[in-house]
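This is what each chain is made of:
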Amino acid sequence: MTDEKKKKIIKTIRIDVDKCNGCRACEVICSAFHAEPKYSSNNPARSRIRVIHEPLRDIYIPVYAGEYTVAECAGRDKYTIDGKEYDECAFCRASCPSRVEFKEPDSGLPLKCDMCEGEEEPLCVRWCLADALIYEEREEEVAEEDVLTEQEDLELGLESLAKKYGLKQIIDTVARMSKED
Amino acid sequence: MRYAETGFNLEIDLTRGNIEKVATDPKDTAMHLGGLGTNAKILWDRVPPEVDPFSPENLLIFSTGLLCGTPATGCNRTIVATISPQTQLLAYSMMGGFLAPELKYAGYDKVIFRGKSPGLVYLWIHDDKVEIRDAAHLQGMGTLETAERIREELGEPKAQVAAIGLAGEKRVYYASIEHGRSSASRGGIGAVMGDKGLKAIAVRGTKDVNIASPERYFELCNEVLKYIQHRAENPIKGVPPILAGIGSPQEMAIHDEKWHTTSFAWGNARHRRKDFWTKEIARQWRETQEKAVERLISCYNCPMKCGAIISYPALGVSKYMMKCYSKLTYVMGAMADDLEFGFKIAGLAQEYGVDGYTAPQVMAFAVELYEAGILTDKELPGFPADNQERFFWLLEKIVRREGIGEVLAKGTYWAAREIGNGAEAYDRNTIKKHEQIPIKLGMLNPVYFLMYSTGAKINITQIEGQMPQVPFATREEREEFVKDWIQAPNEKIKEFFVNWELRGENSFPYYPTPEMTCEIVEWQETMHYIDDAVGLCAGLSSFPIKPPYHIHNIPQFIAAATGMEMDEDKLWEITRRNRTLIRAINARRGLRRKDEKPPQDHWKKRFPELEAKLLDSYYRFKGWNEEGIPTRETLAKLGLDYVGADLMERGILADGEDAASAEAPAEAPAQKETN
Ligand code: SF4
Ligand code: SF4
Ligand code: SF4
């Protein structure tokens, strides 16, 4: 079984930072799309994309929320760009215990870009009229074991959360959230 | 739950250091929407005409628009309102950028400042946490630098900051409030902020903004985005490039400045330079601009890129952000042929925080007075010989109110009267004591005559509207234009346009007729009052030709966002109410018919009789008396009976309605200086 290959669609978003104008439309629409019910609210702090925006240093970098990590990185590097020093974390995609990026502002639950499940084209791409975000699909063959099922994906996420917050707090939070609904 | 708005204002008493979060009345939203509308209501209720602009009782209101923070493209305006030290009337200025949405996400619709802080402070809003913090260490610091410092000391790189510079602290009558690439510049709003001892406001918000009908709202937003793309591919034919697109005038992207430099006046609104735009200048200016502009940038949730990062180390100014026309105002004021000068002085002026329209005109005025011998080396010791150097010299004096700067800091109107000795004749480009863009044209344009004379923005660059300003040459072109003119409010307006000729019977100044003119003005004004209440950028709505937002789709946006019942008629009525309330605020502060006029030489050909008739028709159309004061009946119809009662009590309206009443004070008294 391990040798079997499977076709998988790889969805990518090509980011052209030179075209980004810092408008944050991508953050607006991402958070609106993921609201419950859809579009019923928006809040860039819940977005799964964020634009690192330092106009005076010509830094305009859209970053997508990636995987949750259980623990923060052990060693961290520094970048110096246009005279200002940045922690490596500044440009990292991970939802990580060491910072507030890519977490729900109230519950602290991690956020991850899901490529707008169910939509033909990611909404951040559609709303970026500056063409800084370009959607591409390609087919790739991957070993089957690499394809995580949704269930596995969920479990992995929950595991990481449990490590950070403790299983009890996660259960309480989920209970509270379902009551709010 | 409240939709689109948060339902809360912050009340900040700077004298006592008190902070209160106050729930607002949904009835006020129904009556006035938000933004400018509810600002006006608060100012009417709480700032009587006896209150001096520089008194603790004056209010300074930072307001979001009703739809700011929703996904509607370009809905990001902060509407700042107060009583102006320069005009003594209501001043309001709309600032783009990122502040208003952030304030919504923090959970507030407005921040209302009253009182005066004993020392310099700034306000820090982080969701429910609101603090007044010491700003002594920021005293005298530039506007951009202040914002950077505040973000750093708070450890909040995402905080949005609006700040004043030295000019605001010193209460220069045309001090601005600067926010990155945007500013609230007109009317001396920054001076009131400085008078209150408020250096800056910093905001970070992480809460939701709710939408009443989500699917519908999303659909409307997508339609607007589609239309923006459509307009990008279909510029308007037959107008100069600067007017062909949408957004704020695309000054940062477009190099071709032939239209501005050859049709606007240079110096102290005096000289036309019809031959200025030579090939050589075009080449030099293109080169300079390309060197200076590092990147084109947008406001919150807008693809239009009207601003730019200006990076030009060789000029010795640090990086800053610029938008629109300030690239030319200093150049033309100083009669400089060199665009580098413009980029250099504008950067410095922005750090000091002065209005890019008024400041260069005050400087040009001073230069003229010097050349005429009214100001001499006695008043201007060490005044350089070179015009560009003179501008730098004057800027330093003005923002510090040193020497002649003390007088010039009040703007041309007040300075001219203080200097005397014939200086009044050089105050030649103000309306209601406020400097205007220096446009000098030939034939009276009745539409713009009314808009300039009566507009409450007191600012002729910001009241332009969706109707082309001059007719197209042929009937075919005009017919072609109206074919997809979905923005026109009705068929009548289209007909006015189609029949409008460059020459002959149906041309300026007698066409459009006063009656038609009133309807055109009413429509163009209405669009601005809508934008300023909901927080839309004028560049996508009231200002350009064929914009994505218009009278037919905005009511649907409001309805879907807020859940309020809304249609065109209702929206029209609300804006009429807001317009009339603002009129009443100003009437109560002494505004009368005699103040309603454009600069004397704005048009070479003037028609006193026609102009009187235009004003009469317009006042009648609005339900105002012949002094331009709303009648009791008009006020009652708009649900503003209490305003009518107050105007009666003060003797501003008399019984018998239409009659003009007690003479207003000939001139508002000069400001008290309390420092
Ligand atoms: S929508 Fe596009 S241009 Fe705007 S911030 Fe996002 S990536 Fe940049
Ligand atoms: S692809 Fe969808 S989920 Fe991912 S950042 Fe863009 S809008 Fe958000
Ligand atoms: S059109 Fe221009 S000025 Fe208006 S919101 Fe968009 S970027 Fe800002």
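What counts as what
- Residues numbered from 1 in each chain as written.
- Chains lettered and ligands numbered in written order.
- Predicted model: local features only at pLDDT ≥ 70, side-chain atom pairs only at ≥ 80, totals over all residues.
- Heavy atoms only, no water.
- Pairing = 2+ DSSP bridges.
- Helix = DSSP H or I, 4+ residues; strand = E, 2+ residues; numbered from the N terminus.
- Axes fitted to C-alpha atoms, helices over the stretch in contact; angles between N-to-C directions.
- Contact = heavy atoms within 4.5 Å.
- Buried area = accessible area lost by both parts, 1.4 Å probe.
- Salt bridge = Lys/Arg side-chain N within 4 Å of Asp/Glu carboxyl O.
- Polar contact = N/O pair within 3.5 Å; in protein donor to acceptor, adjacent residues only side chain to side chain.
- Nonpolar A, V, L, I, M, F, W, Y, C, P; charged D, E, K, R; others polar.
- Near = heavy atom within 4 Å.
- Buried < 20%, exposed > 50% of the residue type's maximum accessible area, 1.4 Å probe, protein only.
- Parallel < 35°, antiparallel > 145°, perpendicular 65-115°, else oblique.
- Left-handed = near helix turned anticlockwise from the far one by under 90°.
- Domains from an automatic or database assignment.
- Patch = residues over 30% accessible without salt bridge, like charges linked within 9 Å, V, L, I, M, F, W, Y side chains within 5 Å.
- Areas by Shrake-Rupley, 256 points an atom, 1.4 Å probe, with all protein chains shown as cover.
- Lys, Arg positive; Asp, Glu negative; His and termini not counted.
- Charge placed at Lys NZ, Arg CZ, Asp CG, Glu CD.
- Arc of directions from axis to C-beta.
- Phe/Tyr/Trp six-rings, centres within 6.5 Å; stacked < 30°, edge-to-face > 60°.

Trainee: Could you clarify how one ought to interpret the sheet that holds strand β18 (residues 320-323) of chain B in this entry?
Mentor: Strand pairing in a sheet relies on backbone hydrogen bonds. The paired strands run either parallel or antiparallel. All names here are of chain B. Read across the sheet, three strands follow the order β16-β17-β18 without closing on themselves; strand pairing throughout is antiparallel. Here the strands that pair on one side only, and so sit at the sheet edges, are β16 (293-297) and β18. The average undirected angle you get between the axes of adjacent strands in this sheet is 30°. The sheet contact formed by strand β17 (residues 307-310) and β18 spans four bridges and is antiparallel. Opposite I310, over in β18, you have Y320 as the bridge partner. Packing of helix α12 (residues 339-352) onto the sheet brings it into contact with β17 and β18, and relative to β18 it is tilted by some 110°.

Trainee: What exactly am I supposed to notice about the interface of chain A and chain B here?
Mentor: By a widely used convention, the size of an interface equals the accessible area lost when the partners come together. Counting from both sides, the interface comprises 35 residues of chain A and, opposite them, 41 residues of chain B. In total, about 3,000 Å² of surface goes out of reach between chain A and chain B, with carbon and sulfur atoms giving 54% of it. When the area that chain A buries against chain B is broken down by residue, the three leading residues are L56(A), W127(A) and L129(A), summing to 23%. Counting every contact that joins chain A to chain B gives four salt bridges. Counting across the interface, chain A meets chain B through 17 residue pairs in polar contact (both at pLDDT 80 or more). Of all the secondary-structure elements, those providing two or more residues to the side of chain A that touches chain B are α1 (25-33), β2 (41-42), β3 (49-54) and α2 (123-127) of chain A. Ranked by residues supplied to the side of chain A that touches chain B, first place goes to α1(A) with four residues. Classifying every residue of the side of chain A that touches chain B gives 17 nonpolar, seven polar and 11 charged.

Trainee: Could you clarify how one ought to interpret the site of ligand 1 in this entry?
Mentor: Of all residues adjacent to ligand 1, which total 13 residues, the nearest are C20(A), C23(A), R24(A), C26(A) and C128(A). Split into classes, the residues belonging to the shell around ligand 1 amount to 10 nonpolar, two polar and one charged.

Trainee: How should I be thinking about the environment of K483(B) in this particular structure?
Mentor: Residues and elements named next belong to chain B. Relative to the assigned elements, K483 resides in helix α18 (residues 475-483). The exposed category is assigned to K483, whose relative accessible area is 65%. Expressed as a C-alpha distance, the spacing of K483 and K494, which sit 11 residues apart in the sequence, is 9.3 Å.

Trainee: Which parts of the structure should I look at to understand the side chain of E522(B)?
Mentor: Residue and element names in this part refer to chain B. Its location among the elements puts E522 in helix α20 (residues 514-534). Given a relative accessible area of 6%, E522 falls into the buried group. One polar contact links E522 to R576, side chain to side chain, over a distance of 3.1 Å. Apart from the residues lying within four places of it in its own chain, the contact partners of E522 are W572, R576, F621 and K622.

Trainee: Would you explain the packing of helix α22 (residues 568-588) of chain B against helix α25 (residues 641-649) of chain B in this entry?
Mentor: Helix-helix packing: each pair is described by the crossing angle between the helix axes and the interaxial distance. All names here are of chain B. In the contact formed by α22 and α25, the axes pass within 11 Å of each other and the chain directions differ by 15°. Taken as axis vectors, α22 and α25 run roughly parallel relative to one another. Here α22 runs over α25; the crossing is left-handed. Contacts between α22 and α25 involve L581, A584 and R588 from the former and V643, D646 and L647 from the latter. Partitioned by chemical class, the residues of the contact of α22 with α25 number four nonpolar, no polar and two charged.

Trainee: Please explain the sheet that holds strand β3 (residues 60-64) of chain B as it appears in this structure.
Mentor: Residues and elements named next belong to chain B. Read across the open sheet, the six strands follow the order β2-β1-β6-β3-β4-β5; overall the sheet is mixed. This sheet does not close on itself; its edge strands, each paired only once, are β2 (18-23) and β5 (90-95). Averaged over all neighbouring strand pairs, the angle between strand axes comes to 15°, with direction disregarded. Bridging between strand β4 (residues 78-83) and β5 involves six bridges; their strand directions are antiparallel.

Trainee: Could you clarify how one ought to interpret the domain arrangement of chain B in this entry?
Mentor: In terms of domain boundaries, chain B breaks down into domain 1 (8-204), domain 2 (243-435), domain 3 (441-550 + 592-611) and domain 4 (623-675). On a C-alpha basis, the centroid separation for the pair domain 1 of chain B and domain 4 of chain B is 28 Å.

Trainee: Just checking my understanding: could you explain a positive patch on the surface for this structure?
Mentor: Side chains of R272(B), K274(B), K604(B) and K605(B) sit close together on the surface and give a patch of like positive charge. Position of K605(B) relative to the elements: it lies in strand β22 (residues 603-605).

Trainee: Is there a simple way to think about α18(B) in this case?
Mentor: Residue pairs three or four apart in sequence face the same way in an α-helix, which turns once every 3.6 residues. All names here are of chain B. For α18, the set of buried residues is R478, F481 and V482. Buried residues of α18 fall within an arc of 90° about the axis and therefore sit on the same side. For α18, exposure combined with an orientation more than 90 degrees from the buried face picks out E476 and K483. Buried residues along α18 sit in contact with α19 (491-498).

Trainee: Teacher, can you tell me more about the packing of aromatic side chains here?
Mentor: Given two aromatic rings, their pairing is described by the distance between the two centres and the angle made by the two planes. Residues and elements named next belong to chain B. Per the stated rule, a full pass over the model turns up 35 aromatic pairs over all chains. Ring centres 5.4 Å apart and planes at 55° place the aromatic pair W500 and F508 in the tilted group. Judged by its relative accessible area of 3%, W500 falls in the buried class. Three or more aromatic residues link up through ring pairs in this structure, and these residues are F472, F481, W485, F497, W500, F508 and W523.

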